[in-house]
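Each chain, written out:
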Amino acid sequence: QRIRVGVIFGGKSGEHEVSILSGQSILKALDPEKYIAVPIGITRRGEWVVGAEAAQVLQEAAQIQLGGPPEPSSIDAGADRDAAVGQPGAGPHAVPASQPGETALTLVPPALVESFDVVIPVLHGPNGEDGTIQGMLELFDIPYVGAGVLASAVGMDKVFMKKLFASAGLPQAAYTFYTRKTWESDPEAVLADVEAKLGYPCFVKPANMGSSVGISKAKNRTGLTAAFKLAAKYDRKIIVEEGLNVREVEVAVLGNDEPKASVPGEIVPSNEFYDYNAKYVTGDSALIIPAPLPPDVTEEVRRLAVEAYRAVDCTGLARMDFFVERETDRVLVNEINTMPGFTRFSMYPKLWEATGVSYAELIDQLIQLAIERHRETR
Ligand code: ADP
Ligand code: MG
Ligand code: MG
């Protein structure tokens, strides 16, 4: 009997387009002998659509163009935005076309999700990767791919992620954080505090975000002020980290109770740091797989990847991102991404491919892990 799989993509977050591309790749890869795949789109306004309308949302992928990072308003209010991102593989979609004359359906989530054996929420950023949709799927008792509520929420909040990494004894950059209110009520005091604790350069980030949206590297007080103003538009919590001189290395982790780590890959950003443009717009940041690291550093990164994954009680999958200091080869944990980009050209699937797990096998395993976790938590 074939497994009924709902693939949810799009969403209200700033990573709407990336999610569509990932969803499209997964839908194409699901073997029709084994699965009945149903695309479920979430529009930028947050409407859930299936059938013709979902195909329409997917079709946006074919028209995806270059553009800058999302405006904060589009994230808060879920309003339309013109900007879109470009990635290789943005070809015409291959979704079951709706019948002529068929009415497009807009369903409320419960009625929709209850008809699936498993759901793959390929959503990035707030409202998708942060435990909210995972909580909804728990309520409706549907197995779903990827991290559970807690790990998703912790992975999206860089402050709590760092607290848990610290309590597991994992090495990471020095940091501090402020609420938007603290910043707005006394900017001078906040600036002085950052200078005393971390100095320059430092990185200022909205605590809950991804794709480098709202992140700046500050080199002096003027830059720091601008960086706070930007980050405060995206979140009520702002994290600041010491700026490191590092290489960027990523490891794919897969599993529930016995997570496995892939070979590491290295990112060589096309900009000064791996910002939104370097990730999606210019497309000329290089992915090097496997990362050219000394064998002991490779082993260290893979070991820390599994430890950090366990530190936030992650299940399913995550891409674990690291910094390797240029002078010393010291390895520091940067972050966990519980629903990483999942096109065929994305780092996560490419790392598994280099480790011997094909794209289609990877999806099979993720579905099995989702069903296993669901069974074990009942
Ligand atoms: P996101 O979740 O949006 O990807 P990250 O914390 O990974 O946020 O930061 C995005 C990028 O900013 C990193 O990939 C790296 O290029 C740069 N960066 C972030 N923090 C630091 C730091 N402490 N030192 C040096 N570079 C950093
Ligand atoms: Mg991230
Ligand atoms: Mg990152």
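Residues numbered from 1 in each chain as written. Chains lettered and ligands numbered in written order. Predicted model: local features only at pLDDT ≥ 70, side-chain atom pairs only at ≥ 80, totals over all residues. Heavy atoms only, no water.

Visitor: Sorry if this is basic, but what is going on with the coordination of the magnesium ion (ligand 2) here?
Guide: Coordination angles at a metal have ideal targets, namely 109.5 degrees for four tetrahedral donors and 90 or 180 degrees for six octahedral donors. For the magnesium ion (ligand 2), every protein donor is listed as Glu335 (OE), Glu335 (OE) and Asn337 (OD1), and the spread of their distances is 2.2 to 2.5 Å. The class of Glu335 is buried, set by a relative accessible area of 11%. On the accessibility criterion, Asn337 (13% relative accessible area) is buried. (Donors = N, O, S within 2.8 Å, 3.2 Å for Na, K, Ca; no water. Buried < 20%, exposed > 50% of the residue type's maximum accessible area, 1.4 Å probe, protein only.)

Visitor: Before we go on, may I ask you to explain the site of ligand 1 in this structure?
Guide: Taken together, the neighbourhood of ligand 1 is formed by 18 residues, with Lys158, Lys205, Ser212, Glu242 and Glu248 sitting nearest. Glu248 is positioned with one of its side-chain polar atoms (N or O) 2.4 Å from an oxygen atom of ligand 1. Within the side chain of Glu335, a nitrogen or oxygen atom sits 2.9 Å from an oxygen atom of ligand 1. Protein contacts shield 96% of the accessible area of ligand 1, which totals 540 Å² for the unbound molecule. When the residues that make up the shell around ligand 1 are grouped by side-chain class, the tally is six nonpolar, five polar and seven charged. (Near = heavy atom within 4 Å. Polar contact = N/O pair within 3.5 Å; in protein donor to acceptor, adjacent residues only side chain to side chain. Areas by Shrake-Rupley, 256 points an atom, 1.4 Å probe, with all protein chains shown as cover. Nonpolar A, V, L, I, M, F, W, Y, C, P; charged D, E, K, R; others polar.)

Visitor: Before we go on, may I ask you to explain the nonpolar core in this structure?
Guide: By size, the foremost hydrophobic cluster in this structure holds 37 residues, and its most contacted members are Val7, Ile26, Ile120, Phe342, Ile363 and Ile367. If you list the elements that add at least two residues to this core, you get β1 (3-10), α1 (16-29), α2 (52-59), β5 (118-121), β10 (246-254), α13 (347-355) and α14 (359-376). Ignoring any residue separated from it by four or fewer positions in sequence, one finds Ile363 in contact with Ile26, Ala29, Leu30, Ile120 and Phe342. Ranked by size, the runner-up nonpolar core spans 28 residues in total, among them Met161, Val306, Met320 and Val331. (Core = buried A, V, L, I, M, F, W, Y, C linked by side-chain atoms within 4.5 Å. Helix = DSSP H or I, 4+ residues; strand = E, 2+ residues; numbered from the N terminus. Contact = heavy atoms within 4.5 Å.)

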